[in-house]
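Overview (structure and organization)
Listed below are the residues making up each chain.
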Amino acid sequence: MRIHGLIALLLLPACRDVVGVGSVGAFDQDAGTLGGDSSQGSSQDAGEDQDAAPLPPGTGNGEPAARCTVSACAKQDLGCDPVQGVCVPCSDADPSSPEVFVDVAATGLTNPKGTAACPFPTIQAGLDRANRALAVKRVRVAKGTYSQEKLPLVVRGVELIGAGSGETEIRRSGSPEADAAGRKAVLAVGSSAADTTIRGLRVTTAESISRTSEDWFSYVGVLCDAGPINEPNPTKLPEPNTFITDFAVEAGFGVGVFTTSSPLSLGGRSACYPRIQRSTFQVVNGVAIAADCPGAKGGLAPCAVEIGGGSEDAVLIEGSFTPPALRSRAIEVQGNVRFARISHVVAKRLYFGALFGDAGPTGVNAWTIMDSAFEANHYGIWLDCSSQLQELRTSRFRDNEVAIVFGTGAYCKGASRAAILRARSNELAFNTVGLHAGPGMTATSDFGGADPGRNVFACNGLKSHPTLPSGDVAVYSDTPGLFSLAGNDWDRVPEVTVSADPPTTRFSLWAKAAASIGSIAGAGRANVSCTR
């Protein structure tokens, strides 16, 4: 899955040095290999027809012998010695070893040991060993397709390491067992007591879930429902302890990665806090990454999430922009999510690039977006009800129908407090509408005040839309001072048009009431050509 060159092209200049993610051998590159012929993938659906076991090295006509393969040795109920390259009888694992090995090509071994020579054929067997043996901290999974696993695979307090997201596939077939909340996951991860790592894996499904299905949202790639947050109102958040890296989720799930708290049946006293990096998501009908924790009532713990990081940690989320009724989303954050940081994320061709729902009381949650790109979506960012971004900076919004929406959804109770408390050095260009504020807005968004905004508004509204106005800023609320827009760059001199309805032609700023738009002083000329 060669995605990193694409990410580098899409992100802002600070995000262009994304590195590739690779793997060496049958297992992850920092582990030993399971035989030299790791280029031949294996599958639980249909095994490869490998050659018989080779002679030991140095025998025959003087030529080095071919190295053994796990599949070929397994047909003789033998293991494949990764050092000598020959088939050998299986021997017990060293009880002090911190690692257990899995290779689907070992299907057929009657007595696998979980060693590099005699790996378990299923991931579940490897996890079972890890749960029984205190010394085991890491389960290494060789390349191949693992489609006969009993799901969900529960990974708590250990490392599950594949050969790379383009090499090791866990395929959902049938319906996984549901948890107490009705969620059906491929991987159930997170621990309140120890770090959990998921790396070098791809999750797919043999059958897509229709969004018309009543429980489509319950089908999850990774469910993280436990973590280091164990009190309802922590004064300081701990560090994340679930790490998802070099990971991929293909289309067909209701949610790719779902961050929440433990089910109520388990007390709800532990909440997940993952860090998701260097990963890719394909979305058709669902949500790539969702964070949604219940409120603090009843002693439930809040959750938190970090998506991306530095330029080398970029996350790519792509959809097909099928009919908007499908409501595909890259990121959804709502509820008692105490901290959400989105950095170096690319969201393309989705209904919502990022959807921020009702967050409850303001002034508690800290949600930020930086160094990210939202392109060719219906809505780049949608903020609803009481959702507020503390900061939006150095991010790019291009070719969206609406770059940023301050909404008033039907489920919001009373006036909307959606706002961006500080927006600096962002680019909003080639969108139908740059900023769109619905009626009932009451909170102020700062796109430039005493310190310049340095945001760029350019080439918005060039294409007409049957239901949307065409311009840089459209404000339907008459609340005074909703937007401060000082010190920004524009592709033309910004002027405020005041009328009951938005103009039918392209405009720079329109409002139902002049007072709703604050200062636009210090306007500069945007260095963006509107000719393509």
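See above for the structure.
Summary of the structure given here. (Residues numbered from 1 in each chain as written. Predicted model: local features only at pLDDT ≥ 70, side-chain atom pairs only at ≥ 80, totals over all residues. Heavy atoms only, no water.)

Most of strand E8 (residues 168-172) is tucked away: 4 of the 5 residues are buried. In the sheet, strand E5 (residues 144-146) pairs with E8 via 3 bridges, with the strands oriented parallel. In the strand pairing of E8, Thr145 is matched with Glu169. In this structure, E8 lies alongside strand E10 (residues 196-205), joined through 4 bridges in parallel fashion. If you follow Arg172 over to E10, its bridge partner there is Thr205. (Buried < 20%, exposed > 50% of the residue type's maximum accessible area, 1.4 Å probe, protein only. Helix = DSSP H or I, 4+ residues; strand = E, 2+ residues; numbered from the N terminus. Pairing = 2+ DSSP bridges.)

Take the pattern of salt bridges next. On inspection of all chains with the given rule, the structure shows 24 salt bridges. One salt bridge connects Lys150 with Glu177, and the closest N-O pair in it is separated by 3.4 Å. Of the two residues, Lys150 sits in the loop between E5 and strand E6 (153-155) while Glu177 sits in the loop between E8 and strand E9 (184-189), which places them 27 residues apart along the sequence. One salt-bridge network, held together by shared partners, links Glu99, Arg138, Arg140 and Glu159. (Salt bridge = Lys/Arg side-chain N within 4 Å of Asp/Glu carboxyl O.)

This model, assessed by the stated rule, comprises 6 disulfides. The disulfide partner of Cys90 is Cys118, and the S-S distance across this bridge is 2.1 Å. Here the S-S torsion is close to -95°, and the disulfide linking Cys90 with Cys118 is therefore left-handed. On the criterion of sequence distance, the pair formed by Cys90 in the loop between strand E2 (87-88) and strand E3 (99-102) and Cys118 in the loop between E3 and helix H3 (123-132) is long-range, its members being 28 residues apart. (Disulfide = S-S within 2.5 Å.)

On to the pairing of E9, then. Burial within E9 is extensive, with 6 of its 6 residues counted as buried. Relative to E9, E6 runs parallel, the two sharing 3 bridges. Across the sheet, residue Val155 finds its bridge partner in E9, namely Val189. Sheet topology places E9 next to strand E11 (residues 219-224); 5 bridges connect them, and they run parallel. What sits directly across from Ala185, in E11, is Val220.

Our next topic: unusual backbone geometry. A cis amide bond links Leu151 to the next residue, Pro152, at an omega of 5°. Assignment of secondary structure puts Pro152 in the loop between E5 and E6. Here the phi dihedral of His344 falls at roughly 55°; this positive angle occurs in a residue that is not glycine. Mapped onto the elements, His344 comes out in the loop between strand E20 (337-343) and strand E21 (345-348). Of note, Thr394 is a non-glycine position whose phi angle comes to about 45°, a positive value. One can find Thr394 in the loop between strand E27 (391-393) and strand E28 (396-398). Since its relative accessible area comes to 23%, Thr394 is described here as partly exposed.

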